[in-house]
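Descriptive analysis of the structure
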Amino acid sequence: DGLKLFLVKISDIDADIYVSEYSSGRWMPSKSLDKPINSKYFESHACISPDGKTLYFTSNRKESIGGMDIFTSTLNDNGTWSEPVNLGPGVNTHLNEETPFIALDGKTLFFSSQGHETIGGYDYFRTEKQADGAWSRPEPLPYPINTTDDDLFFFPSDKENSGYLTLYLPEGLGSGDLYYL
């Protein structure tokens, strides 16, 4: 709804997820999501479902299959988050998964992975939540969306078959630029 901003604060030894809320024309000071979302491990990215009730985030906590894995947690009636659940070996691999973004349909998840069949480093993938709660086999986004570089941060837009992404192109203006496709 554009009224919550999820941030990550990185220290020398870990990273934690914070949230800031937009109120009275300004962003409020961010607050830590605390346990069970934040842990003594590295939480590097978060996104929220369109209904605001499901959080998707990455962590290398002990329940990880590989390095960084995608976890989910649901908002309880009392405003706390449930114990995180690993999305499992269909989505997570023995390497790293990062930057999950859930589409407006609430069931299509885009993420970056080193562990699925990639054309170089991290590539963008999409998976869909099935009626039984399982996730479909992740499918890579096509070239030239996926490149031989690390492809991170694909954010689906509100229009079908479009989104924002970061690309590292020689003709870009910086080390990584935002593009709309």
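Look above for the structure.
Computed from a predicted structure; not experimentally measured. (Residues numbered from 1 in each chain as written. Predicted model: local features only at pLDDT ≥ 70, side-chain atom pairs only at ≥ 80, totals over all residues. Heavy atoms only, no water.)

Comments concerning the sheet that holds strand β15 (residues 177–180)
The strand order across the open sheet formed by three strands is β13-β14-β15, and the pairing between neighbours is antiparallel. Each edge of the sheet is formed by a strand with only one pairing partner; in this case those strands are β13 (155–156) and β15. Here two bridges tie β13 to strand β14 (residues 163–167), and the two strands are oriented antiparallel to one another. Bridging across to β14, Phe 155 finds its partner in Tyr 164. (Pairing = 2+ DSSP bridges. Helix = DSSP H or I, 4+ residues; strand = E, 2+ residues; numbered from the N terminus.)

Quick word on the pairing of strand β5 (residues 43–48)
Where a strand is regular, its side chains alternate between the two sheet faces. Here β5 lies mainly inside the structure; five of its six residues are buried. The sheet contact formed by β5 and strand β6 (residues 54–59) spans five bridges and is antiparallel. Looking across to β6, one finds that His 45 is bridged to Thr 58. Connecting β5 to the next strand, β6, in antiparallel fashion are five residues, including Gly 52 with a positive phi near 75 degrees. (Buried < 20%, exposed > 50% of the residue type's maximum accessible area, 1.4 Å probe, protein only.)

Quick look at the side chain of Glu 43
Examined against the element boundaries, Glu 43 turns out to sit in strand β5. A relative accessible area of 0% means that Glu 43 is categorised as buried. A polar contact is formed between the side chain of Glu 43 and the side chain of Ser 39, at a distance of 2.6 Å. Not counting residues within four places of it along the chain, the set of residues in contact with Glu 43 comprises Val 8, Ala 15, Asp 16, Ile 17, Ile 37, Asn 38, Phe 57, Thr 58, Ser 59 and Arg 61. (Polar contact = N/O pair within 3.5 Å; in protein donor to acceptor, adjacent residues only side chain to side chain. Contact = heavy atoms within 4.5 Å.)

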